[in-house]
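# Observations on the three-dimensional arrangement
Single-letter residue listing:
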Amino acid sequence: MLLGGLRITLLEGLIFSWHRAFFGDFYAVMFHPYWWDGSGIVYGPVFVFERWLVNALPGVMTIYVFAILNIPLAAIAFSACALACGLDRGRMVAALALWLASWPLTFALSVSANPEFVELAFLSLAWLAAARGRRATEGGLVALAALTKVIPGIFLVPGLVRPGARRFVLGGALVSAVVLVAVAAGQRLSPAELLRELLVPSGKSGGQSVPISSIALGSQSSPEITGLHAALTRFAFGLGLGSPQTTGDASPLNITVQAIALATLALMLVASAVVVIGLARRGGGPRALTAAYGLFFALLPHATHNSHPHTWVFLMPTWTAIVHLLSTDHQVARRTRYALAFGVAYAYVSLRVIPAVADRVLGTKLSTLIGQEPVWGGLAIVALLILYMRPRGPERGAAAGGASPGSASR
């Protein structure tokens, strides 16, 4: 699995993508003036800094350099996650195999999804800082991730509920202040303009400045959009409840689907916050921290209004967290049940063959109804982590991370 994953990642993620210049969202926004002329803020201030670097070194900072730089960013992220979990060599190899065999990682490399790899590295390093008790550093790294794109701001929840929240906030505030002052000065933005650009990042499309959130809206039936709203829309179309030609943005079907997607996201966020707060109140510990970061990494692809195939690269640290949680669980029956469930969810999201195999073996039509929608597996992973980490009976101490291996097995 390790060698096979490495081969596919190198071939499809890098070699086969080289001739098409890793074309994707990052290439369009960073290098094509139709999408952004360099004014204001797109995605976040850290992305603006990268644009300054491209402007300063146009012959050096090409798409190919960014594509190559994504490799060490991914390596940093993996190493930080493995160190945060304290994985031994065997478990580290297992986690690495899960990373390399995962389709989202290959796809993210193939489109040079640099912002996602930057966020992945910052948040993974934040996890490592948290594991070593460096709360101010953790806060600063979470802030940098949120200043790359807004969505990593959800990591404020696991950051604020643990001891040392003041240092976490102070580190994040200091880093944010430095970054925001620099980008405001460099982009010549007033405080009001800076606030507006942070809340609603804008780009330039067709010569007119428009909110960046509206650029990718389009038809929710597009396979380039992989969030719950889009998946439910395609599911409804598959059932014959509408079509891209007859169903507009203001249609009852679209409003209903959007309401279901938003309600589901709100429920996941609340449930995850409750789990993380409960773990912190019961004393925390290494397992609690691993669960918190693994869970919130799994939430990231759902938290954005328009997930793309490369957005699911944020599940990579979750695989590392799951390896740690299962390998340190001394309740054998429980560990076995969840290992099987997580394995199916991983295969569905990462290997992209489960619906086709099920159709062939069982005679179902899953490929038609759910296709290769990663969101269903993503939802399953979030739900499984929430169920797995909730305390119950004798497992209460182990779930909180406060029990020793011996006590957990008694």
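About the thresholds
- Residues numbered from 1 in each chain as written.
- Predicted model: local features only at pLDDT ≥ 70, side-chain atom pairs only at ≥ 80, totals over all residues.
- Heavy atoms only, no water.
- Helix = DSSP H or I, 4+ residues; strand = E, 2+ residues; numbered from the N terminus.
- Areas by Shrake-Rupley, 256 points an atom, 1.4 Å probe, with all protein chains shown as cover.
- pLDDT = per-residue confidence, 0-100.
- Contact = heavy atoms within 4.5 Å.
- Buried < 20%, exposed > 50% of the residue type's maximum accessible area, 1.4 Å probe, protein only.
- Lys, Arg positive; Asp, Glu negative; His and termini not counted.
- Salt bridge = Lys/Arg side-chain N within 4 Å of Asp/Glu carboxyl O.
- Patch = residues over 30% accessible without salt bridge, like charges linked within 9 Å, V, L, I, M, F, W, Y side chains within 5 Å.
- Core = buried A, V, L, I, M, F, W, Y, C linked by side-chain atoms within 4.5 Å.
- Axes fitted to C-alpha atoms, helices over the stretch in contact; angles between N-to-C directions.
- Parallel < 35°, antiparallel > 145°, perpendicular 65-115°, else oblique.
- Left-handed = near helix turned anticlockwise from the far one by under 90°.
- Nonpolar A, V, L, I, M, F, W, Y, C, P; charged D, E, K, R; others polar.

Moving on, we get to the overall build of the chain. Secondary structure summary: the chain contains 22 helices and two strands in total. Element-wise, carbon and sulfur atoms account for 69% of the exposed surface of the chain, whose accessible area totals about 18,200 Å².

Confidence along the chain averages 85 in pLDDT terms, with 84% of residues attaining 70 or more. Taken together, the stretch residues 210-219 has pLDDT below 50 and engages in 24 contacts with residues farther than four places along the chain or on a different chain.

Take the side chain of E50 next. The residue E50 is located in helix α3 (residues 45-56) in this model. Despite its burial, E50 pairs with no opposite charge, the nearest such side chain being K149 at 10.0 Å. If sequence neighbours within four positions are ignored, E50 has contacts with F26, M30, F66, N114 and V118.

A few words on a nonpolar patch on the surface. On the surface, a nonpolar cluster with roughly 510 Å² of combined accessible area is contributed by L3, L6, L10, I15 and F16. As for its position among the elements, L10 is in helix α1 (residues 2-18). According to the relative accessible area criterion, L10 is partly exposed, its value standing at 38%.

Counted according to the given criterion, the structure contains five salt bridges. Linking E138 and R162 is a salt bridge whose minimum nitrogen-to-oxygen distance equals 2.8 Å. Of the two residues, E138 is situated in helix α8 (residues 135-146) and R162 in the loop between α9 (156-160) and α10 (165-187); the sequence distance between them amounts to 24 residues. Residues D329 and R334 are paired through a salt bridge, measuring 2.6 Å at the closest nitrogen-oxygen approach. Each member of the pair D329 and R334 is classed as buried. Through salt bridges that share partners, R135, E138 and R162 make up one connected network.

With that settled, the discussion passes to unusual backbone geometry. One non-glycine residue, F22, lies in positive phi territory at about 50°. Position of F22 among the secondary structure elements: in the loop between α1 and α2 (25-31). Using a relative accessible area of 0% as the deciding quantity, one classes F22 as buried. Backbone geometry places S112, a non-glycine residue, at a positive phi of 45°. Relative to the helices and strands, S112 resides in the loop between α6 (103-110) and α7 (114-131). The class for S112 is buried, based on a relative accessible area of 0%.

Before going further, it helps to examine the nonpolar core. If you look at the biggest cluster of nonpolar residues, it comprises 89 residues, and the most contacted ones within it are F117, W127, F155 and Y293. In terms of residue count, helix α15 (residues 286-303) provides more of this core than any other element does, 12 residues in total. The residues contacting F117, other than those within four sequence positions of it, are N70, L73, A74, L105, A108, L109 and V313. Ranked by size, the runner-up nonpolar core spans 21 residues in total, among them L14, I41, V48 and M61.

Two measures define how a pair of helices packs: the angle their axes make with one another and the distance between the axes. Closest axis-to-axis distance for the α7/α8 pair is 8 Å, and the angle between their directions is 165°. Taken together, the axis directions place α7 and α8 in an arrangement best described as roughly antiparallel. For the element pair α7 and α8, the recorded crossing hand is left-handed. Contacts between α7 and α8 involve E119, F122, L123, L125, A126, A129 and A130 from the former and T137, E138, L141, V142, L144 and A145 from the latter. Among the residues making up the contact of α7 with α8, the classes are represented as 10 nonpolar, one polar and two charged.

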